[in-house]
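Chain residues, written in single-letter form:
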Amino acid sequence: MVPDEPDAQPEPDAAPRPHGADPSLDDPAAKLEFKLRHHELRSDLAGRPAVALPDAADDPLAALVAARRSHRGFRPDPVPLTALAGLLAGLRAHRDGDLTRRGYPSAGSLYPVQVYMFVKPGRVDGLDGGAYHYDPEGHRLVRLGDDLPDAGVHAPVNRPAFAAAAFSLLLVGQRRAIEPLYGAQARDFCLLEAGYASQLLMLAAAQHGLGLCPIGGLDDAALRGPLGLDDGHVVLHSHVGGLPDAKAAAAPPAGPLGPTGLRAWLRTRLPEALVPATYVLVDALPRTANGKLNRKALAARSVADASAPAPAASGLEERVAAIVANVLKVDRLERDQNFFELGATSVHLVRIAGRLRTELGCQVTVTTLFRAATVRVLAGQLDLGAAEEAATQIQQQAQTRVEARLAARGRRGRGGSDA
Ligand SMILES: Cc1cc2nc3c(=O)[nH]c(=O)nc-3n(C[C@H](O)[C@H](O)[C@H](O)COP(=O)(O)O)c2cc1C
């Protein structure tokens, strides 16, 4: 129920589909399958000579990179001004004669990308709520006004993160600062610079106890006035940020929820395949010695305590259950127990699909597994698949017989006229 890999995390709401994107990938299962195909990797180089690279000893960058990640949940307590100052310090401009130097590159050293912030009231120590411009030479936040955007500027999928965030950070290109030199390349160069600066911000955030989440696109019309943007400005990229709350998840409705209410609420947040079938009330989540969630113990308790789920029935269900239990490393699982509830991730689904193929001869896709994430439903689908396969085989055999008969008749006919 608490999957820890990004692939297993569903998008809570559908964002408007970008122009040109494939509508068939709106379906979370199809999207997962698309990701799992790993189009980003070269699959045509197998067998070529390759040199394994040694791991760099004590690589100082490794720890920085390992600490970077996108955060979408934030604690409500105020961000210390020193932490925010540390975050922005990476973007500082240092005078070097007439020119300036910064911690990230810029085409022609022009640095056309400017940084703006919206800070919520009471969420950053020492800063009133409102809009600010980061002055990279003075390392100060210049106040622009009181107006703050509402959640409507964000796609639905990003609204919970925005709602929890203490501040938003916007990277805005000033075309007049680059177009005279780079013409049509100006926007691309601004986007690249925003990317370099964003990476620096994300690395710095982790070092200063802050979390950021990049936001792919927002409706900037309502932001331009409060930020004092002119027609040379182009909003390139943004982040929401604050004190990261690792355990943050959208809170369920207030008041006690029974299994039906919980299931109904989860259905508003998750695709059907991820909604658990059984619910077990525990006093506290079991933890491992180092304080992490003990998924195995939790799974064992789920099986032992769940409200009388039906045991596995058919032979096929038993064989499927054995494979799934083995891949998920749980002792056993019930026919209605959701695989995701037991900690299944996309990697597990790929393994299960492979084992079903090799051990049961069932051609099953990861998409099928994603949708049929209980033993009962999955075995039903496999049975159906087998029945369809058998029907296709019978049809093909019949077709072959008919074709053979027709061919034989044709030969006889031709033989007759030749004679
Ligand atoms: C150009 C770009 C746009 C992104 N847009 C969003 C977004 O709109 N909402 C979101 O939650 N994450 C967004 N992300 C963050 C990615 O989802 C995230 O980087 C990815 O899942 C990898 O996770 P990690 O950053 O924690 O390693 C975006 C990242 C990039 C580079």
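In this convention, every chain numbers its residues from 1, walking through the sequence in written order. In keeping with the model being predicted, local features are shown solely for residues with a pLDDT of at least 70 and side-chain atom pairs are shown and tallied solely at 80 or more, while totals for entire chains, interfaces and linings include all residues. Side-chain descriptors were evaluated using all non-hydrogen atoms of the structure, hydrogens and water having been removed beforehand.

Student: A description of the overall build of the chain should follow, citing residues and the corresponding values.
Tutor: Strands are runs of DSSP state E lasting at least 2 residues, helices are runs of H or I lasting at least 4, and numbering of each runs from the N terminus. If you tally the helices and strands in the chain, you get 13 helices and nine strands. Whether a residue is buried, partly exposed or exposed follows from its accessible area with a 1.4 Å probe, protein chains only, as a fraction of its type maximum: under 20%, in between, or over 50%, in that order. By residue count, 36% of the 419 residues in the chain fall in the buried class. Only heavy atoms enter the contact rule, under which two residues are in contact if any of them lie within 4.5 Å. When contacts within the chain are restricted to residue pairs at least 6 apart in sequence, long-range pairs at least 24 apart make up 70% of them.

Student: Quick one: what's the story with the packing of aromatic side chains, residue by residue and with numbers?
Tutor: Within a pair of aromatic rings, the relevant descriptors are the distance that separates the centres and the angle that separates the planes. Ring pairs shown here join Phe, Tyr and Trp side chains whose ring centres sit within 6.5 Å, with only the six-membered ring taken for Trp; geometry is labelled stacked below 30 degrees between planes, edge-to-face above 60, and tilted in between. The full count for this structure, using the stated rule, is three aromatic pairs. Here the aromatic rings of Tyr104 and Tyr111 are separated by 5.5 Å at their centres, their planes lie at 90 degrees, and the arrangement is edge-to-face. We classify Tyr104 as buried; its relative accessible area is 5%. Of note, Lys120 hangs over the ring of Phe162, and the distance from its end group to the ring centre comes to 5.0 Å. A ring is considered to have a charge above it if a Lys NZ or an Arg CZ atom is located within 6 Å of its centre and within 35 degrees of its normal.

Student: Could you give me a rundown of the pattern of salt bridges, with the residues and numbers involved?
Tutor: Salt bridge, as used here, is a side-chain nitrogen of Lys or Arg placed within 4 Å of a carboxyl oxygen of Asp or Glu. Considering all chains together, one arrives at 13 salt bridges under this definition. Residues Asp44 and Arg42 are paired through a salt bridge, measuring 2.7 Å at the closest nitrogen-oxygen approach. Residue Arg42 is classed as exposed on the basis of its relative accessible area, which comes to 59%. Here Arg140 makes a salt bridge to Asp135, at a shortest N to O gap of 2.8 Å. By relative accessible area, Asp135 is classed as buried at 16%. Put simply, Arg176, Asp230 and Asp231 are held in one network by salt bridges that share partners.

Student: Account for unusual backbone geometry, naming residues and giving values.
Tutor: Backbone phi values are negative for most residues with the exception of glycine, while trans is the configuration of most peptide bonds. The phi dihedral of His139 is positive, around 45 degrees, even though this residue is not glycine. Tracing the chain through its elements places His139 in the loop between strand E5 (130-135) and strand E6 (140-145). For His139, a relative accessible area of 23% puts it in the partly exposed group. Backbone geometry places Lys329, a non-glycine residue, at a positive phi of 55 degrees. Here Lys329 lies in the loop between helix H10 (315-328) and helix H11 (346-360).

Student: Give a detailed account of empty space enclosed by the protein, specifying residues and quantitative values.
Tutor: Computed over the protein atoms alone on a 1 Å grid, cavities are sets of points where a 1.4 Å probe fits but cannot get out and pockets are open sets with protein on both sides within 12 Å along at least five of seven lines; a residue lines them when it has an atom within 4 Å of a point. Grid points are joined across faces, edges and corners, and a volume is the space filled by probe spheres set on the points. Scanning all chains against the criterion turns up one cavity of 30 Å³ or more. There is about 40 Å³ of room inside the largest cavity. Every residue along the wall of the largest cavity is listed here: Phe118, Pro149, Val153, His154, Phe162, Ser168, Leu170, Leu218 and Leu223. Of the residues that constitute the lining of the largest cavity, the class distribution is seven nonpolar, two polar and no charged. Residue type decides the class: Asp, Glu, Lys and Arg count as charged, Ala, Val, Leu, Ile, Met, Phe, Trp, Tyr, Cys and Pro as nonpolar, and the leftover types, Gly among them, as polar.

Student: Can you lay out the environment of Ala163 for me, pointing to particular residues and giving the numbers?
Tutor: Mapped onto the elements, Ala163 comes out in helix H4 (residues 159-164). On the accessibility criterion, Ala163 (54% relative accessible area) is exposed.

Student: Before we move on, can you summarise the site of the ligand with the specific residues and values?
Tutor: Residue proximity to a molecule or strand is established when one non-hydrogen atom of the residue lies within 4 Å of it. Around the ligand, the neighbouring residues are Arg68, Arg69, Ser70, Arg72, Asn158, Cys213, Pro214, Ile215 and Gly216. A distance of 2.7 Å is found between a nitrogen atom of the ligand and a side-chain nitrogen or oxygen belonging to Asn158. Take Gly216: an N or O atom from its main chain is 2.9 Å from a nitrogen atom of the ligand. Only the protein chains shown count as cover for residues, and the accessible areas themselves come from Shrake-Rupley with a 1.4 Å probe. A total of 620 Å² of accessible area belongs to the ligand in isolation, and the protein chains cover 51% of it. Two N or O atoms count as a polar contact when they lie within 3.5 Å, although within protein this holds only if one can serve as hydrogen donor and the other as acceptor, and sequence-adjacent residues are included solely when both atoms are side-chain atoms.

Student: Can you tell me about the nonpolar core, naming the residues and giving the values?
Tutor: Formed by 34 residues in total, the largest nonpolar core has its most connected members in Val79, Leu84, Leu87, Phe167 and Leu169. Elements supplying a minimum of two residues to this core: helix H3 (81-89), strand E4 (113-119), E5, strand E7 (167-174), helix H6 (186-207) and strand E9 (233-244). Tallying contributions element by element places H6 first for this core, with eight residues. The residues touching Phe167, leaving out its near neighbours within four places in the chain, are Val79, Leu84, Leu87, Met117, Phe118, Val119, Val124, Leu212, His239, Val240, Gly241 and Gly242. Put simply, buried Ala, Val, Leu, Ile, Met, Phe, Trp, Tyr and Cys residues joined by side-chain atoms within 4.5 Å make one nonpolar core. One finds Ala299, Ala325, Leu328 and Ala353 within the second-largest nonpolar core, a separate group that totals 32 residues.

Student: Tell me what's going on with the pairing of E6, and back it up with residues and numbers.
Tutor: Note on pairing: DSSP must find at least two bridges between two strands before they are called paired. As judged from the five bridges shared by E5 and E6, these two strands associate in the antiparallel manner. Each residue of the ladder has a partner; that of Tyr132, found in E6, is Arg143. In this antiparallel pair of consecutive strands, E5 and E6, the connection spans four residues, and His139 shows a positive phi of 45 degrees.

Student: So what's going on with the side chain of Asn338? Which residues, and what values?
Tutor: By secondary structure assignment, the location of Asn338 is in the loop between H10 and H11. A distance of 2.8 Å separates a polar side-chain atom of Asn338 from the backbone nitrogen of Phe340.

Student: I'd love a proper account of the side chain of His233, names of residues and values included.
Tutor: Position of His233 relative to the elements: it lies in strand E9. In this structure the side chain of His233 is engaged in a polar contact, spanning 2.9 Å, whose partner is the backbone nitrogen of Asp230. Leaving out residues up to four positions away in the same chain, His233 has contacts with Gln114, Tyr116, Val172, Gly173, Gln174 and Arg224.

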